[in-house]
Amino acid sequence: MKNYLGVGISVGVLAGLWTQVSVQLGLVTWVAFIAWACFFAAGGGATGLRKGLAANLSGVVWGWLASLVAARVGFPGSLAIIVTVLAFVLCVQAAVSLLSFIPGAFAGTAVFFGTSFAFWPTVLALVVGACLGWASGLLGERIQKAVDGRPLAETGGPVEPSGPVTPAAA
(Lines give C-alpha, C1' and ligand atoms only; values in the text may rest on other atoms or scores of the structure.)
Protein backbone atom coordinates (compact mmCIF):
# COMPACT_ATOMS: atom_id res chain seq x y z
CA MET A 1 0.00 0.00 0.00
CA LYS A 2 2.79 2.40 0.91
CA ASN A 3 4.26 2.17 -2.60
CA TYR A 4 1.14 3.77 -4.09
CA LEU A 5 0.72 6.52 -1.53
CA GLY A 6 2.40 9.16 -3.70
CA VAL A 7 0.43 8.45 -6.84
CA GLY A 8 -2.75 8.09 -4.80
CA ILE A 9 -2.30 11.51 -3.25
CA SER A 10 -1.36 13.19 -6.53
CA VAL A 11 -4.22 11.60 -8.49
CA GLY A 12 -6.71 12.38 -5.73
CA VAL A 13 -5.76 16.05 -5.44
CA LEU A 14 -5.55 16.62 -9.19
CA ALA A 15 -8.84 14.77 -9.78
CA GLY A 16 -10.61 17.02 -7.30
CA LEU A 17 -9.09 20.15 -8.83
CA TRP A 18 -9.96 19.01 -12.37
CA THR A 19 -13.52 18.27 -11.39
CA GLN A 20 -14.00 21.71 -9.84
CA VAL A 21 -12.37 23.59 -12.73
CA SER A 22 -14.06 21.58 -15.47
CA VAL A 23 -17.51 21.97 -13.95
CA GLN A 24 -17.01 25.73 -13.53
CA LEU A 25 -15.81 26.09 -17.12
CA GLY A 26 -18.41 23.75 -18.63
CA LEU A 27 -15.84 21.24 -19.87
CA VAL A 28 -16.47 17.51 -20.31
CA THR A 29 -15.19 16.24 -16.97
CA TRP A 30 -15.50 12.48 -17.49
CA VAL A 31 -13.63 12.37 -20.81
CA ALA A 32 -10.43 13.58 -19.15
CA PHE A 33 -10.63 10.68 -16.69
CA ILE A 34 -10.68 8.25 -19.62
CA ALA A 35 -7.52 9.83 -21.09
CA TRP A 36 -5.95 9.83 -17.64
CA ALA A 37 -6.60 6.11 -17.29
CA CYS A 38 -5.19 5.52 -20.78
CA PHE A 39 -2.01 7.38 -19.76
CA PHE A 40 -1.37 4.87 -16.97
CA ALA A 41 -2.57 1.87 -18.99
CA ALA A 42 -0.19 2.80 -21.83
CA GLY A 43 2.75 2.66 -19.42
CA GLY A 44 2.81 6.09 -17.78
CA GLY A 45 5.63 8.59 -18.18
CA ALA A 46 6.55 9.96 -21.59
CA THR A 47 5.52 6.71 -23.28
CA GLY A 48 2.06 6.74 -21.72
CA LEU A 49 1.59 10.38 -22.64
CA ARG A 50 2.61 9.92 -26.28
CA LYS A 51 0.93 6.61 -27.00
CA GLY A 52 -2.16 7.12 -24.87
CA LEU A 53 -2.94 10.56 -26.24
CA ALA A 54 -2.06 9.71 -29.86
CA ALA A 55 -4.32 6.65 -29.74
CA ASN A 56 -7.13 8.61 -28.05
CA LEU A 57 -6.99 11.38 -30.64
CA SER A 58 -6.82 8.95 -33.55
CA GLY A 59 -9.93 7.28 -32.18
CA VAL A 60 -11.74 10.62 -32.13
CA VAL A 61 -10.75 11.35 -35.74
CA TRP A 62 -11.80 7.89 -36.94
CA GLY A 63 -15.05 8.18 -34.98
CA TRP A 64 -15.71 11.58 -36.54
CA LEU A 65 -15.11 10.20 -40.03
CA ALA A 66 -17.37 7.23 -39.30
CA SER A 67 -20.11 9.59 -38.09
CA LEU A 68 -19.87 11.58 -41.32
CA VAL A 69 -20.26 8.42 -43.39
CA ALA A 70 -23.13 7.18 -41.21
CA ALA A 71 -24.97 10.49 -41.66
CA ARG A 72 -24.82 10.14 -45.46
CA VAL A 73 -25.49 6.44 -45.84
CA GLY A 74 -28.81 5.04 -44.76
CA PHE A 75 -29.38 1.54 -46.07
CA PRO A 76 -30.22 -1.32 -43.69
CA GLY A 77 -27.09 -2.65 -42.05
CA SER A 78 -24.96 0.35 -42.98
CA LEU A 79 -24.19 1.24 -39.38
CA ALA A 80 -22.98 -2.32 -38.69
CA ILE A 81 -20.71 -2.16 -41.75
CA ILE A 82 -19.33 1.23 -40.69
CA VAL A 83 -18.61 -0.06 -37.17
CA THR A 84 -16.94 -3.17 -38.62
CA VAL A 85 -14.61 -1.07 -40.74
CA LEU A 86 -13.97 1.35 -37.88
CA ALA A 87 -13.01 -1.44 -35.46
CA PHE A 88 -10.71 -2.95 -38.09
CA VAL A 89 -8.96 0.39 -38.66
CA LEU A 90 -8.55 1.01 -34.92
CA CYS A 91 -6.70 -2.29 -34.68
CA VAL A 92 -4.52 -2.20 -37.80
CA GLN A 93 -3.30 1.33 -37.14
CA ALA A 94 -1.40 -0.24 -34.23
CA ALA A 95 1.26 -1.18 -36.79
CA VAL A 96 2.38 2.44 -36.35
CA SER A 97 4.32 2.52 -33.09
CA LEU A 98 2.80 5.78 -31.89
CA LEU A 99 -0.70 4.33 -32.39
CA SER A 100 0.05 0.90 -30.95
CA PHE A 101 -2.11 1.32 -27.83
CA ILE A 102 -5.30 -0.19 -29.26
CA PRO A 103 -7.46 0.31 -26.14
CA GLY A 104 -6.71 4.04 -26.32
CA ALA A 105 -8.04 4.25 -29.87
CA PHE A 106 -11.26 2.49 -28.88
CA ALA A 107 -11.54 4.78 -25.83
CA GLY A 108 -11.11 7.86 -28.03
CA THR A 109 -13.86 6.72 -30.38
CA ALA A 110 -16.14 5.80 -27.50
CA VAL A 111 -15.79 9.14 -25.74
CA PHE A 112 -16.42 10.97 -29.02
CA PHE A 113 -19.65 9.01 -29.44
CA GLY A 114 -20.43 9.48 -25.73
CA THR A 115 -20.23 13.26 -26.03
CA SER A 116 -22.79 13.14 -28.85
CA PHE A 117 -20.13 13.83 -31.48
CA ALA A 118 -18.73 16.99 -29.83
CA PHE A 119 -15.35 16.99 -31.59
CA TRP A 120 -13.44 19.90 -30.02
CA PRO A 121 -14.76 19.52 -26.46
CA THR A 122 -13.76 15.84 -26.64
CA VAL A 123 -10.29 16.63 -27.97
CA LEU A 124 -9.73 19.31 -25.33
CA ALA A 125 -10.77 17.01 -22.49
CA LEU A 126 -8.55 14.18 -23.81
CA VAL A 127 -5.52 16.47 -23.97
CA VAL A 128 -6.19 17.80 -20.47
CA GLY A 129 -6.67 14.26 -19.14
CA ALA A 130 -3.40 13.04 -20.65
CA CYS A 131 -1.58 16.03 -19.17
CA LEU A 132 -3.18 15.35 -15.78
CA GLY A 133 -1.93 11.78 -16.03
CA TRP A 134 1.58 12.99 -16.75
CA ALA A 135 1.45 15.55 -13.93
CA SER A 136 0.06 13.01 -11.46
CA GLY A 137 2.80 10.54 -12.37
CA LEU A 138 5.57 13.08 -11.80
CA LEU A 139 4.03 14.52 -8.65
CA GLY A 140 3.27 11.03 -7.34
CA GLU A 141 6.87 9.96 -7.77
CA ARG A 142 8.09 13.03 -5.89
CA ILE A 143 5.62 12.46 -3.06
CA GLN A 144 6.56 8.77 -2.89
CA LYS A 145 10.25 9.61 -2.73
CA ALA A 146 9.55 12.05 0.11
CA VAL A 147 7.55 9.40 1.97
CA ASP A 148 10.10 6.60 1.81
CA GLY A 149 13.26 8.28 0.55
CA ARG A 150 13.49 6.05 -2.54
CA PRO A 151 12.31 6.48 -6.14
CA LEU A 152 9.31 4.42 -7.22
CA ALA A 153 11.50 2.16 -9.35
CA GLU A 154 13.02 0.77 -6.13
CA THR A 155 9.69 0.41 -4.32
CA GLY A 156 7.83 -1.54 -6.99
CA GLY A 157 5.48 1.35 -7.75
CA PRO A 158 4.54 2.72 -11.16
CA VAL A 159 7.40 3.91 -13.36
CA GLU A 160 7.90 4.50 -17.04
CA PRO A 161 8.69 1.22 -18.82
CA SER A 162 12.23 0.82 -20.07
CA GLY A 163 11.06 -0.49 -23.44
CA PRO A 164 8.15 0.21 -25.75
CA VAL A 165 4.67 -0.84 -24.71
CA THR A 166 3.16 -3.18 -27.29
CA PRO A 167 -0.28 -4.76 -27.48
CA ALA A 168 -0.58 -8.36 -26.37
CA ALA A 169 -0.57 -10.98 -29.12
CA ALA A 170 -3.93 -12.54 -29.85
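Within any chain, residue numbers begin from 1 and follow the written order of that chain's sequence. Selection of residues for local features in this predicted model requires a pLDDT of at least 70, selection of side-chain atom pairs for listing and counting requires 80 or more, and totals for whole chains, interfaces and linings are taken over all residues. Side-chain measures were taken over the full set of non-hydrogen atoms in the model, leaving aside hydrogen atoms and water.

**Side note on helix α5 (residues 102-114)**
The following threshold applies: For helices the rule is a DSSP run of H or I covering at least 4 residues; for strands it is a run of E covering at least 2, with both sets numbered from the N terminus onward. For a helix, the expected span equals 1.5 Å multiplied by the residue count minus one. Throughout this description, buried means an accessible area under 20% of the type-specific maximum (1.4 Å probe, protein chains only), exposed means over 50%, and partly exposed covers the range between. In this analysis, two residues are considered to be in contact whenever any of their non-hydrogen atoms come within 4.5 Å of each other.
With 13 residues, α5 extends 18 Å between its outermost C-alpha atoms, agreeing within 8% with the 18 Å of an ideal straight helix rising 1.5 Å per residue. Of all the residues in α5, the buried ones are Gly104, Ala105, Ala107, Gly108, Thr109, Val111 and Phe112. Next to the buried residues of α5 lie α2 (29-41), α3 (45-72), α4 (78-92) and α6 (119-148). Phi turns positive one or two residues past the end of α5, at Ser116, with a value near 60 degrees.

**Quick look at the environment of Arg50**
Within the fold, Arg50 resides in helix α3. You can call Arg50 partly exposed: its relative accessible area is 48%. Spatially, the C-alpha atoms of Arg50 and Ala130 are 8.8 Å apart, while their sequence positions differ by 80 residues.

**Regarding the side chain of Thr109**
With respect to the helices and strands, the residue Thr109 is situated in helix α5. Relative accessible area serves as the criterion here: at 4%, Thr109 is assigned to the buried category. Excluding residues that lie within four positions of it along the chain, Thr109 makes contacts with Gly59, Val60, Gly63, Leu86 and Leu90.

**Observations concerning helix α1 (residues 5-25)**
Filter applied, for reference: Comment: arc refers to directions from the helix axis out to C-beta atoms.
For α1, with 21 residues, the first-to-last C-alpha span of 30 Å sits near the 30 Å given by 1.5 Å per residue. Within the span of α1, buried status applies to Gly6, Val7, Ser10, Leu14, Ala15, Trp18 and Ser22. All buried residues of α1 lie within an arc of 140 degrees about the axis, which places them on one face of the element. Among the exposed residues of α1, those pointing more than 90 degrees away from its buried face are Val23 and Gln24. Buried residues along α1 sit against α2 and α6. Note on α1: the residue one or two positions beyond its end, Gly26, has a positive phi of about 75 degrees.

Structural measurements only, silent on function.
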